[in-house]
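One letter stands for each residue in the lines below.
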Amino acid sequence: MEEKKEVREERNKEKLANADWVMAEFYASWCPHCKRMQPIVEEFKKSVKGILEVVQIDIDQESALADLYTIETVPTFILIRKGEQLWRQSGEMPLEKLEKTVKDLKP
């Protein structure tokens, strides 16, 4: 079990550092705001399929990544391109805001 967690964390770290376009969602299973965002994130994944990858990171399971990105509040969304943070926001937000962020920042 522990090995799987480390493998997942390393894979996600690699994606966030090197992927062309990725939206990271840092969340926690115990967080009520994160639970309310879950259906929105699922819809967002569908709407951006083929445009960018959405990576969901449980801060309790992947605490080293949460520390690396200085996650203090969940949910936190970070739009990353080749390791560079282009946009970051914490808290609940509508699907339209996530989609607009991608539309405004990705050519």
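The chain is annotated in an unreviewed UniProt entry as Thioredoxin from Bacteroides intestinalis. What UniProt states about the chain under its Sequence similarities (unreviewed entry) heading is, verbatim, "Belongs to the thioredoxin family."

Draft legend 1. Molecular detail of the packing of helix α2 (residues 32-47) against helix α4 (residues 95-105). Between α2 and α4, the least distance of the axes is 9 Å, while the angle of their chain directions is 35 degrees. Here α2 and α4 pass one another in a crossing that is right-handed. Residues M37, I40, E43, F44 and S47 of α2 form the contact with α4, whose participating residues are L95, L98, E99 and V102. When its residues are assigned to classes, the contact of α2 with α4 shows six nonpolar, one polar and two charged.

Draft legend 2. Inspection of the sheet that holds strand β3 (residues 76-81) at higher detail. Taken together, the four strands give an open sheet; going across it, the order is β2-β1-β3-β4, and neighbouring strands pair in mixed fashion. Edge positions in the open sheet fall to β2 (53-58) and β4 (84-90), since each of these has one partner strand only. On average, each strand axis in the sheet is tilted by 20 degrees relative to the strand beside it, whichever way the strands run. For strand β1 (residues 22-27) and β2, the ladder comprises six bridges, and the chain directions are parallel. Within β2, the position partnered with A24 by the bridge is V55. Along the sheet face, α2 touches β1, β2 and β3 and points at about 160 degrees away from the line of β2.

Reading the values: rules and limits
- Residues numbered from 1 in each chain as written.
- Predicted model: local features only at pLDDT ≥ 70, side-chain atom pairs only at ≥ 80, totals over all residues.
- Heavy atoms only, no water.
- UniProt positions renumbered as here; feature names shortened; annotations may be inferred.
- Axes fitted to C-alpha atoms, helices over the stretch in contact; angles between N-to-C directions.
- Helix = DSSP H or I, 4+ residues; strand = E, 2+ residues; numbered from the N terminus.
- Left-handed = near helix turned anticlockwise from the far one by under 90°.
- Contact = heavy atoms within 4.5 Å.
- Nonpolar A, V, L, I, M, F, W, Y, C, P; charged D, E, K, R; others polar.
- Pairing = 2+ DSSP bridges.

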